[in-house]
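# Per-entry structural report
Take a look at the letters that make up each chain.
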Amino acid sequence: MRKRNESVTVEHERAAAGAAAAPGPLDKGCSLRRSLRLPASAAAEGMKRPLGRRHGLWFRLRKLVLWLLGMYVAIPFLVKLCPAIQAKLVFLNFVRVPYFIDLKRPQDQGLNHTCNYYLQPEEDVTIGVWHTVPAALWKNARGKEQLWFEEALGSSHPVILYLHGNAGTRGGDHRVELYKVLSSLGYHVVTFDYRGWGDSVGSPSERGMTYDALHVFDWIKARSGDSPVYIWGHSLGTGVATNLVRRLCERETPPDALILESPFTNIREEARSHPFSIYRYFPGFDWFFLDPITTSGIKFANDENVKYISCSLLILHAEDDPVVPFHLGKKLYNIAATSRSFRDYKVQFVPFHTDLGYRHKYIYRSPELPRILR
């Protein structure tokens, strides 16, 4: 009897243990839900992640804005302390476009009737020169050496000395296209890179650029005989052109005409009016940016120079010019037209309407250019 009771007791205990080990349907579902439920700390961490990302993004954006603002404020002081920086920004001679062209081979740019020279205006200064003959001499020019090209300047064809603007080289795309147009109209075109530009040796300065132009002009006159010689300046090259022509008039050897394409009045007004100047409304703009230009000896005072020039003057300017504002070219014309030095010479201003889209450097595309030059 005792054994039977003991076996019943043991079986009862086993059944109870089995029931505890194997939960019923309800207990099984509850335990499953409990296992799926995230701990409170993990849930809070998951909510924090998107907020943390947004906070990190805002922090980085704020840091970038503060850095840009710091640079914006620091640059004027840097320019004021180092005027050479501002001079570099005026000349942009370190920007050599198009890249990877051999300036010794103008034929690579489609100028098969062009010769490359090197002249030496001063000791330790060498400048690269291109001479494109009129299209009528194209066949004769093939395969000829420098001596033939120099002698060709003595033909009856007029000569244009072209003074390019800042940045790039004498092989710039729009410049090459202008040489082709002028050559097709029967002109010799002589152009060069100022010291410090392209493959020319030396350090850029307004005085040096003007002296280089004077040296090339004299070199042309020594070979051109009685052929007319015109000077064409574009953009910053108009400053070099008026410097040159003023000096030529003072020594009583003026050119036959001066052509200014997209000119300004003086470098200070150009810098103040330049559409790309993000500092023009900065407090003390003149002191920070314009005074260092003057300190560097850079003036390019076209408005002063035209008062001492005595030869025919033609000004070309596109109304949609984004680099040299149209109103500066018009202002320069008004100064020249009322100057006593031009009383015996023709002064003409030719505007190009915005709809034509010639902007700063595409006036060569005008079909009216041959008539205008005549």
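Everything that follows concerns the structure shown earlier in this document.
Residues numbered from 1 in each chain as written. Predicted model: local features only at pLDDT ≥ 70, side-chain atom pairs only at ≥ 80, totals over all residues. Heavy atoms only, no water.

## A closer look at the overall build of the protein
Regarding its fold elements, the protein presents 14 helices and 8 strands. Split into buried and exposed, the 374 residues of the protein put 44% on the buried side. Put simply, of all contacts in the protein between residues at least 6 apart along the chain, 74% involve residues at least 24 apart. Total accessible area on the protein is roughly 20300 Å²; 57% of this is exposed by carbon and sulfur atoms. (Helix = DSSP H or I, 4+ residues; strand = E, 2+ residues; numbered from the N terminus. Buried < 20%, exposed > 50% of the residue type's maximum accessible area, 1.4 Å probe, protein only. Contact = heavy atoms within 4.5 Å. Areas by Shrake-Rupley, 256 points an atom, 1.4 Å probe, with all protein chains shown as cover.)

## Considerations on the side chain of Arg170
Relative to the assigned elements, Arg170 resides in the loop between β3 (159–163) and α7 (173–184). What makes Arg170 buried here is its relative accessible area of 0%. A distance of 2.9 Å separates a polar atom in the side chain of Arg170 from a polar atom in the side chain of Asn116. At 2.7 Å, the side chain of Arg170 and the side chain of Asp193 are in polar contact. (Polar contact = N/O pair within 3.5 Å; in protein donor to acceptor, adjacent residues only side chain to side chain.)

## Remarks on the sheet that holds strand β6 (residues 257–261)
Strand pairing in a sheet is mediated by backbone hydrogen bonds. Such pairs are either parallel or antiparallel. Within the open sheet, the 8 strands sit side by side as β1-β2-β4-β3-β5-β6-β7-β8. Their pairing is mixed. Bordering the open sheet on either side are β1 (114–122) and β8 (347–352), each of which pairs with just one other strand. Across the sheet, the mean angle separating the axes of adjacent strands is 20 degrees when strand polarity is ignored. In the sheet, strand β7 (residues 312–318) pairs with β8 via 6 bridges, with the strands oriented parallel. Within β8, the residue paired with Leu316 across the bridge is Val350. (Pairing = 2+ DSSP bridges. Axes fitted to C-alpha atoms, helices over the stretch in contact; angles between N-to-C directions.)

## Observations concerning a nonpolar patch on the surface
Together, Trp58, Leu61, Leu64, Val65, Trp67 and Leu68 make up an exposed nonpolar region whose accessible area comes to about 650 Å². Positionally, Leu61 belongs in helix α3 (residues 40–81). (Patch = residues over 30% accessible without salt bridge, like charges linked within 9 Å, V, L, I, M, F, W, Y side chains within 5 Å. Salt bridge = Lys/Arg side-chain N within 4 Å of Asp/Glu carboxyl O.)

## A look at the pattern of salt bridges
All told, the structure shown has 13 salt bridges when counted by the stated rule. Note that Glu304 is salt-bridged to Lys307, the shortest N-O span being 3.2 Å. Residue Glu304 is classed as partly exposed on the basis of its relative accessible area, which comes to 36%. Judged by its relative accessible area of 41%, Lys307 falls in the partly exposed class. Taken together, the shared-partner salt bridges connect Glu122, Arg195, Arg207 and Asp212 into one network.

## Focus: the state of the cysteines
A covalent bond between the sulfur atoms of two cysteines is what we call a disulfide. Counting across every chain of the model gives 0 disulfides. Unpaired in terms of disulfides, Cys311 finds its nearest cysteine sulfur in Cys249, a separation of 5.2 Å. On the accessibility criterion, Cys311 (2% relative accessible area) is buried. (Disulfide = S-S within 2.5 Å.)

## A closer look at helix α8 (residues 206–224)
Think of an α-helix as 3.6 residues a turn; residues three or four steps apart then line up on the same face. For α8, with 19 residues, the first-to-last C-alpha span of 27 Å sits near the 27 Å given by 1.5 Å per residue. Turning to α8, its buried residues number three or more, namely Glu206, Gly208, Met209, Thr210, Asp212, Ala213, Leu214, Val216, Phe217, Trp219, Ile220 and Ser224. Looking one or two places after α8, you find Gly225, whose phi comes out positive at around 65 degrees. (Expected span 1.5 Å × (residues − 1).)

## Re unusual backbone geometry
Here the bond from Val97 into Pro98 is cis, since omega is -5 degrees, no more than 30 degrees from zero. On the secondary structure map, Pro98 appears in the loop between α4 (83–91) and β1. Positive phi is not limited to glycine here, since Ala167 has a value of about 65 degrees. Looking at the element boundaries, Ala167 is found in the loop between β3 and α7. Of note, the phi angle at Glu252 is positive, near 65 degrees, even though the residue is not glycine. Of note, Glu252 is situated in the loop between α9 (236–250) and β6. Classification of Glu252 by relative accessible area gives exposed; the value is 70%.

## Remarks on the packing of α8 against α9
Running from N to C, α8 and α9 point in directions that differ by 60 degrees, and their axes come no closer than 9 Å. Between α8 and α9, the angle is such that the two are oblique. With respect to the hand of their crossing, α8 and α9 are arranged in right-handed fashion. Contacts from Glu206, Met209, Thr210, Tyr211, Ala213, Leu214 and Phe217 in α8 reach Leu236, Val240, Asn243, Leu244, Arg247 and Leu248 in α9. Partitioning the contact of α8 with α9 into residue classes produces 9 nonpolar, 2 polar and 2 charged. (Parallel < 35°, antiparallel > 145°, perpendicular 65-115°, else oblique. Left-handed = near helix turned anticlockwise from the far one by under 90°. Nonpolar A, V, L, I, M, F, W, Y, C, P; charged D, E, K, R; others polar.)

## Focus: the environment of Tyr333
Here Tyr333 lies in helix α13 (residues 326–337). Setting aside anything within four residues of it in sequence, one finds Tyr333 in contact with Ile315, Val347, Gln348 and Phe349.

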